[in-house]
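# Fold and geometry: a report
Single-letter residue listing:
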Protein chains: 2
Amino acid sequence: MIVDALAAIVGAGNAFGPDAVEPRYLDDETGGEAGRPVGLVRPGNVDQVAAVLRYCHAAGQPVVVQGGRTGMTRGGLPRDGELILSLERMAAIEAIDTDAGLMTVGAGCVLEVAQQAAADAGWRLAVDIGARGSCTVGGMIATNAGGTQVLRYGMMREQVLGLEAVLADGTIISSLGAMLKNNTGYDLKQFFIGSEGTLGIVTRAVLRLRPPAIGRQTALCAVADYAAAVRLLARLERAMPGQLSAYELMWSDFFGAACVASGQGYPFDAAHELVVLVETESGDDEALPVALEESFADGTVRDALVARSERDHQRFWRFRDAVGELVGAMAIVEPFDVSAPIGAIGGLVTELRARLAREVPGSRPICFGHIADGNLHLALELAEEAQRPVAEAIVYDAVRAAGGSVSAEHGIGILKRAWLGHSRSVAEIAMMRTIRAALDPKGILNRGRVF
Amino acid sequence: MIVDALAAIVGAGNAFGPDAVEPRYLDDETGGEAGRPVGLVRPGNVDQVAAVLRYCHAAGQPVVVQGGRTGMTRGGLPRDGELILSLERMAAIEAIDTDAGLMTVGAGCVLEVAQQAAADAGWRLAVDIGARGSCTVGGMIATNAGGTQVLRYGMMREQVLGLEAVLADGTIISSLGAMLKNNTGYDLKQFFIGSEGTLGIVTRAVLRLRPPAIGRQTALCAVADYAAAVRLLARLERAMPGQLSAYELMWSDFFGAACVASGQGYPFDAAHELVVLVETESGDDEALPVALEESFADGTVRDALVARSERDHQRFWRFRDAVGELVGAMAIVEPFDVSAPIGAIGGLVTELRARLAREVPGSRPICFGHIADGNLHLALELAEEAQRPVAEAIVYDAVRAAGGSVSAEHGIGILKRAWLGHSRSVAEIAMMRTIRAALDPKGILNRGRVF
């Protein structure tokens, strides 16, 4: 009968009982087992979202919010008894202000669609992640997604100028003002961004667009050691302030496998422990090579290949983008996404490799990261499922000891709940719970996620 | 006896009764009348702040938090019966990480001191406002201060990587992790930034530093009209992405007076309605002149002076910086700080000038703004105090009609409370109050500010 009530709001074609929910709503790329939902609702506009939530709030009906289900933390998979609320119908690009560089989009809009629309309008939506073909703008806002362009343009938070969201009780909060500066009371959009759907459901956003790059320079550099990687980064940031757009460090375990997986072979004459993919967006094609030459001269850079064509550029990125194939080929994988102060990451990798080799027999890590953001990805292939808890304890304990975070980009969702206390104090978690209880007193929104 | 209780926490030398409060704690630049406080307390560390708040929370004692008292909204002036809590003793620069570009400072640290310390360490704290000699880092965080460098580096929010704050009940929230990426639960620092001390007292911050500029180019341009000012801005942003660091538009009422006040005379051969101060930070000294020449050729720019020396640069900025003298010379002044979509600002100024001339006899506006941020400052000299309500209604009604904000940078404090509803919906304000009530159920922190 919940389906009848929902059908009265969204129409019969968009409300489904538990047996009519298509399998795709019960699946994500973490391979997790979904619970049995009470149904699925697909509202077509914000008023329908509000009406659905008013109903659920009154009935105490828990709701799980779905965007593209690419969040890596199982946050979007239903648990037993939850109503799935999918935003896929609210996917329109509603407006593009080509003078001011603003785009108004529905939460269900797929990232790649928004990127293309921005490009067609002569602008650029400056956030990009591997899941661009299926992740949604709303999901990226709810999880404050990162990606490869954070170094220059910031995380999803920095792209959001205005936001519309619906609270658990159905109240519509419309903060769609598109001013960069608006200090009138609390900046409510900041509360929703990154709260993983536990404080409200994001329904619409005004995104900031950037001008297209006027030039792009790419290089693949072998550096002497981790300290050299940090030194080179600092030099490039000083030599070309605000121009560095990617600095992707790949350890030998990753890079060696990426050479094989990409079918490109090893591009340097000698073997190196650390290779970094550098990208700048500058009108000056010579600034990057000049900076690299200086660093070659003093031994910071051991070898470097500078892209001289679009083909080179794509070839260099193929090493980094091989991560999908590498992880896909792992039978049992634990994808760690942690952050730490940049100075600590090199030692952290050394320590983790040694401990994992010793204490998780047969495991194989590949390490890479956006180190300028303090972000380390470590994809760990396990020999058996039973190794998961011990591997997690090793990695997250070491991250805590390094003053780091157990989730740099992906958030907490369901999978990382047990480790939240490794990165947040008792007082911080209590404050989060206070805010959550104030805004969703019955705890119906994404219950069991984050906390 | 409250003084005795506080003296037991902070020492007798830092707790004062109402008669012992020095006049400077009762004064700010708005000329407002302070109420009679119950006393003044100057804690020396976060544990003392926590102990003071535990006491005040238990006693239901309202507290007003003081940084540099330069906020322009009267938020820091005590009202009757409030305890003044000054953070001036917590002003240390505690650490600078010269590798990662991070600075840890106490909330009471004066901006200029922090800027100098960053510069001494080979870095740059990229936020600047006129009150730099007395405003504090904590106050700037509490009000999300803006300034002239927002265009390139963002507002105060974008400079804060880690934050420590104390809740109304004395709970210390320490989120001092200095990672750019940390998606572990809610980003609590975002809640405190811009909340004007109503959700907690900021005690310490980790600030992000930037590399120094590698070059600087300054120009003073007369543009054809407001549309031309917007067009020139868009062109510069596209020609030099990420390099534009200031775009300060001055209307003739402002610029004419600034020429007199600065003693520099009118720098162009013909009179112009709109003059813009452009600054870029680039390694290429020729990019700006080339872009300006193209805009001169098609009539967008009517005349332009390009700085060829540090002296020129300072001379150009002196026009803009004359605002202090101009406002200081006004007998009765209402300083408006509003924002609106950039396309609407030109029409807004035209409309406001006409209406103010008609309906506020003898008033005189001067208009200038960081229009790239959608920010318009309008300082209005009034003929008499009694004109204030009518002038405010004219300006804020027009701003609301333009879809703008009644406070771009300064916040709400006490002075703009009556106008909050012009920029925020009933639902938004209710959500703010819900959060406020959850975190400060007795409403002791900065009571009567914002709401």
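This is a predicted model, so every value here is computed, not measured.

### Quick notes on the interface of chain A and chain B
With 74 residues of chain A in contact, the opposing surface of chain B contributes 74 residues. Between chain A and chain B, a total of about 5900 Å² is buried, with carbon and sulfur atoms accounting for 61% of that surface. A per-residue breakdown of the area chain A buries against chain B is headed by A:Lys181, A:Asn183 and A:Tyr186, which together make up 17% of the total. Counting across the chain A and chain B interface gives six salt bridges. A salt bridge links A:Asp187 to B:Arg157; the shortest N-O distance between them is 3.7 Å. Remark: the boundary between chain A and chain B carries 30 residue pairs in polar contact (both at pLDDT 80 or more). Elements with a minimum of two residues in the side of chain A that touches chain B: helix H5 (150–153), strand S8 (172–175), helix H7 (189–192), helix H8 (226–239), helix H15 (420–423) and helix H16 (426–439) of chain A. Residue classes in the side of chain A that touches chain B are distributed as 35 nonpolar, 27 polar and twelve charged.

### Details of the side chain of B:Gln159
Residues and elements named next belong to chain B. Checked against the element boundaries, Gln159 lands in helix H6 (residues 156–159). Here the side chain of Gln159 touches Gly154 through a polar contact of 3.1 Å, landing on its backbone oxygen. Beyond its immediate stretch of four places on either side in the chain, Gln159 contacts Ala126, Val127, Tyr153, Gly154, Val206, Leu207, Arg208 and Arg210.

### Examining the UniProt feature "domain: FAD-binding PCMH-type" (unreviewed entry) in chain A
According to UniProt, the positions carrying the feature "domain: FAD-binding PCMH-type" (unreviewed entry) are residues 33–212 of chain A. Counted over residues 33–212 of chain A, helix gives 23% and strand 22%. Its end C-alpha atoms are 42 Å apart.

### Let's talk about the nonpolar core
In this structure, A:Ile141 and B:Ile141 are the most contacted members of the largest nonpolar core, which totals 128 residues. Two domains each provide a minimum of three residues to this core, namely domain 1 (2–86) and domain 2 (93–208) of chain B. Once residues lying within four places of it in the same chain are set aside, the contact partners of A:Ile141 are A:Met156, A:Val160, A:Leu163, A:Phe192, A:Ile193, A:Gly194, A:Val202, A:Ala205 and A:Leu207.

### Remarks on the packing of aromatic side chains
In the structure shown here, the tally under the stated rule is 21 aromatic pairs over all chains. Residues A:Phe336 and A:Tyr396 carry aromatic rings whose centres are separated by 5.3 Å and whose planes lie at 75 degrees to one another, so their mutual orientation is edge-to-face. With a gap of 60 residues between them, A:Phe336 in strand S14 (residues 333–339) and A:Tyr396 in helix H14 (residues 388–401) connect regions that are remote in the sequence. Ring centres 6.1 Å apart and planes at 70 degrees place the aromatic pair B:Tyr266 and B:Phe268 in the edge-to-face group. According to the relative accessible area criterion, B:Tyr266 is partly exposed, its value standing at 34%. Above the plane of the ring of B:Trp123 lies A:Arg238, whose end atom (NZ or CZ) is 4.5 Å from the centre.

### Observations concerning the pattern of salt bridges
What the rule picks out here adds up to 58 salt bridges over all chains. Taking the shortest distance from any N to any O, the salt bridge between B:Arg204 and B:Glu94 comes out at 3.1 Å. Of this pair, B:Arg204 sits in strand S9 (residues 201–208) while B:Glu94 sits in strand S5 (residues 93–97); the two residues are 110 residues apart in sequence, bridging distant segments of the chain. Here the salt bridges do not stand alone but share partners, grouping A:Glu22, A:Arg24, A:Arg42 and A:Glu88 into one network.

### Overview of the domain arrangement of chain A
All names here are of chain A. Each assigned domain of chain A is listed here: domain 1 (217–323) and domain 2 (330–410). Computed over C-alpha atoms only, the centres of domain 1 and domain 2 are separated by 23 Å. Domain 1 puts 15 residues into the contact, and the matching count from domain 2 is 15 residues. Between domain 1 and domain 2 the total buried area reaches about 1300 Å² when both faces are included, carbon and sulfur atoms providing 63% of it.

### Here we look at the sheet that holds strand S8 (residues 172–175) of chain B
All names here are of chain B. As summarised here, the arrangement of the five strands in space is S5-S6-S9-S7-S8, forming an open sheet in which the pairing is antiparallel. Either end of the sheet is taken by a strand with one partner, and the two such strands are S5 and S8. Each strand of the sheet is rotated relative to its neighbour by a mean of 10 degrees, with strand direction disregarded. Seen against the sheet, helix H3 (residues 111–120) touches S5 and strand S6 (102–106) and runs at an angle of roughly 30 degrees to S5.

### So, the relation of the copies chain A and chain B
Here the two chain copies are tied together by a rotation about an axis and a shift along that axis. Superposition of chain A onto chain B requires a rotation of 180 degrees combined with a translation of 0.0 Å along the rotation axis, giving an RMSD of 0.0 Å. On this basis, the relationship between the two copies can be described by a two-fold rotation axis. Here 100% of the contact residues of chain A are again contact residues in chain B; the copies associate through an equivalent surface.

### Quick word on the packing of H16(A) against helix H16 (residues 426–439) of chain B
Across the interface, H16(A) lies against H16(B) with an axial gap of 9 Å and an inter-helix angle of 135 degrees. One way to sum up the angle between H16(A) and H16(B) is to call them oblique. Both H16(A) and H16(B) take part in a crossing whose hand is right-handed. Contacts between H16(A) and H16(B) involve A:Met431, A:Thr434, A:Ile435, A:Ala438 and A:Leu439 on the former and, on the latter, B:Met431, B:Thr434, B:Ile435, B:Ala438 and B:Leu439. Residue composition of the contact of H16(A) with H16(B), grouped by class: eight nonpolar, two polar and no charged.

Conventions adopted
- Residues numbered from 1 in each chain as written.
- Chains lettered and ligands numbered in written order.
- Predicted model: local features only at pLDDT ≥ 70, side-chain atom pairs only at ≥ 80, totals over all residues.
- Heavy atoms only, no water.
- Contact = heavy atoms within 4.5 Å.
- Buried area = accessible area lost by both parts, 1.4 Å probe.
- Salt bridge = Lys/Arg side-chain N within 4 Å of Asp/Glu carboxyl O.
- Polar contact = N/O pair within 3.5 Å; in protein donor to acceptor, adjacent residues only side chain to side chain.
- Helix = DSSP H or I, 4+ residues; strand = E, 2+ residues; numbered from the N terminus.
- Nonpolar A, V, L, I, M, F, W, Y, C, P; charged D, E, K, R; others polar.
- UniProt positions renumbered as here; feature names shortened; annotations may be inferred.
- Core = buried A, V, L, I, M, F, W, Y, C linked by side-chain atoms within 4.5 Å.
- Buried < 20%, exposed > 50% of the residue type's maximum accessible area, 1.4 Å probe, protein only.
- Domains from an automatic or database assignment.
- Phe/Tyr/Trp six-rings, centres within 6.5 Å; stacked < 30°, edge-to-face > 60°.
- Lys NZ or Arg CZ within 6 Å of the ring centre and 35° of its normal.
- Pairing = 2+ DSSP bridges.
- Axes fitted to C-alpha atoms, helices over the stretch in contact; angles between N-to-C directions.
- Least-squares fit on C-alpha atoms with pLDDT ≥ 70 in both.
- Parallel < 35°, antiparallel > 145°, perpendicular 65-115°, else oblique.
- Left-handed = near helix turned anticlockwise from the far one by under 90°.

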